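Descriptive structure summary
Take a look at the letters that make up each chain.
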Amino acid sequence: MSDHILPKRTYYTIYAILLLCTYLTWQVAFFDLGALNTVAALAIAVFKAAIVVLFFMHVKYSTRLTWIVVVGSVFWLGILLALTFNDYLTRGWRTYG
Amino acid sequence: MSPDPAAHHHPALAHHFADLEQQKEAAALGMWLFLVTEVLFFGGLFTVYSVYRSWYPEAFAAASHEMVVWAGTTNTVVLITSSLTMALAVRAAQVGERRVVMWFLAATMLLGLAFLGIKAFEYYTEFAEHHVPGPGFAFEPAYARHAQIFFSLYFVMTGLHALHMLIGLGLMAVMFHWVWRGTITREYSSPIEISGLYWHFVDIVWIFLFPLLYLIGRHAH
């Protein structure tokens, strides 16, 4: 978090992209894409979160230590989701009886 | 006799830091560590949501249809705008434009209040329509049982998010006071910066809540 002062333009650009993505999320929900509806909604949300983290929260210009902490949070969230679904999504798999 | 070393210190520099730069990095890192715990805190709820939604997709879609979509969408725009004003407040603090910081903090707080106002209106609507889980819950019989799970999650997740908004508003009020009384300077803008991190985090939680709660199976009707 060195004294890296971003030009105002960067913030306005990110804001415009965020608004565009919100419109996109809203529009895409009205098309029947089957399971892809959820995938699209989440992909857009992840993209929005990423640009907020990188630019509004200045992580792009932060120290490597901050990067490790940020990536760590996503990694642990991944463990939480992966191990939970490892159980719940496989309960119907009958390989015995 | 050498001069008192404290005389060369910036008044905002705590003695256990080598310089302001290091102090600033430590502050940001500490906030990020806190935000990791927040990610996993909300992450637990998102996991529960995902499990139940994978079990009862039709009930979740039916319940999601009862959401006030225009309110949720408006609130998304309101929060994103508040993130912009927050980012601009932090920038103004970094370049030492005191009055600009105060304007942008005020705008951020106003937008935060607008968000909570719209949220309160939604809760009122849901209460009036008997969508609050409990003995008074009413829903089309086929989905009633599982729709109640959706609404429980909805109230817990958005309620917790709203609580974070309230805390954020409190933080912003303190920051506003600190800028006003001159604690925050160009050299010492860390408090605003890390409060900004918190505010943006709360915005990110909503970025995920919005499509997951309001927009399931919208194409069906």
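Higher on the page you've got the structure.
These numbers were taken from a predicted model, which means no experiment stands behind them.

Turning to the overall build of chain A, a few remarks are in order. Within chain A, the regular secondary structure consists of three helices and zero strands. In terms of C-alpha radius of gyration, chain A reaches 19 Å, well past the compact-globule figure of 13 Å for 97 residues. In terms of overall dimensions, chain A has C-alpha extents of about 65 × 40 × 10 Å along its principal axes. Classification of the 97 residues of chain A by burial places 25% in the buried group.

Before going further, it helps to examine the nonpolar core. Counting residues in each nonpolar core, the largest one holds 74 residues, and the members touching the most others are B:Ala89, B:Val101, B:Leu105 and B:Phe150. Broken down by secondary-structure element, the contributors of at least two residues to this core are helix 1 (8–28) and helix 2 (36–56) of chain A together with helix 1 (20–55), helix 2 (57–64), helix 3 (69–95), helix 4 (98–128), helix 5 (144–181) and helix 6 (190–214) of chain B. With 16 residues, helix 6 of chain B is the single largest residue contributor to this core. Each residue touching B:Leu105, except ones within four places of it in the same chain, is listed here: B:Ala89, B:Met172, B:Met175, B:Phe176 and B:Val179.

This part covers unusual backbone geometry. Non-glycine residue A:His58 carries a positive phi angle of around 65°. Judged by C-beta crowding, with 24 C-beta atoms within 10 Å, A:His58 ranks as buried. Non-glycine residue B:His130 carries a positive phi angle of around 60°. Within the element layout of this structure, B:His130 appears in the loop between helix 4 and helix 5.

Attention now goes to the packing of helix 4 of chain B against helix 5 of chain B. Residues and elements named next belong to chain B. Where helix 4 meets helix 5, the axes come as close as 10 Å, and the angle between the chain directions of the two elements is 160°. The pairing of helix 4 with helix 5 is recorded here as roughly antiparallel in orientation. Viewed along their axes, helix 4 and helix 5 form a crossing whose handedness is left-handed. Packed against helix 4, whose contacting residues are Arg98, Val101, Met102, Leu105, Ala106, Thr108, Met109, Gly112, Phe115, Leu116 and Lys119, the element helix 5 presents Thr158, Ala162, Met165, Gly168, Leu169, Met172, Ala173, Met175, Phe176, Val179 and Trp180 at the interface. Split into classes, the residues belonging to the contact of helix 4 with helix 5 amount to 16 nonpolar, four polar and two charged.

Moving on to the packing of helix 5 of chain B against helix 6 of chain B. A packed helix pair is summarised by two numbers, namely the angle formed by the two axes and the spacing between the axes. Residues and elements named next belong to chain B. Between helix 5 and helix 6, the least distance of the axes is 10 Å, while the angle of their chain directions is 160°. Considering the angle they form, helix 5 stands roughly antiparallel to helix 6. Viewed along their axes, helix 5 and helix 6 form a crossing whose handedness is left-handed. Where helix 5 abuts helix 6, its residues Tyr154, Met157, Thr158, His161, His164, Met165, Gly168, Leu171, Met172, Met175 and Trp178 lie against Pro191, Ile192, Ser195, Tyr198, Trp199, Val202, Val205, Trp206, Leu209 and Leu213.

Time to look at the interface of chain B and chain A. Often the size quoted for an interface is simply the accessible area lost on bringing the parts together. In this assembly, 37 residues from chain B lie in contact with 37 residues from chain A. Those elements giving two or more residues to the side of chain B that touches chain A turn out to be helix 1, helix 3 and helix 6 of chain B. Residue classes in the side of chain B that touches chain A are distributed as 21 nonpolar, nine polar and seven charged.

Reading guide: rules and limits
- Residues numbered from 1 in each chain as written.
- Chains lettered and ligands numbered in written order.
- Predicted model: local features only at pLDDT ≥ 70, side-chain atom pairs only at ≥ 80, totals over all residues.
- Helix = DSSP H or I, 4+ residues; strand = E, 2+ residues; numbered from the N terminus.
- Rg over C-alpha atoms; globule rule 2.2 N^0.38 Å.
- Buried ≥ 20, exposed ≤ 12 C-beta atoms within 10 Å, placed from the backbone.
- Core = buried A, V, L, I, M, F, W, Y, C linked by C-beta atoms within 7 Å.
- Contact = placed C-beta atoms within 7 Å.
- Axes fitted to C-alpha atoms, helices over the stretch in contact; angles between N-to-C directions.
- Parallel < 35°, antiparallel > 145°, perpendicular 65-115°, else oblique.
- Left-handed = near helix turned anticlockwise from the far one by under 90°.
- Nonpolar A, V, L, I, M, F, W, Y, C, P; charged D, E, K, R; others polar.

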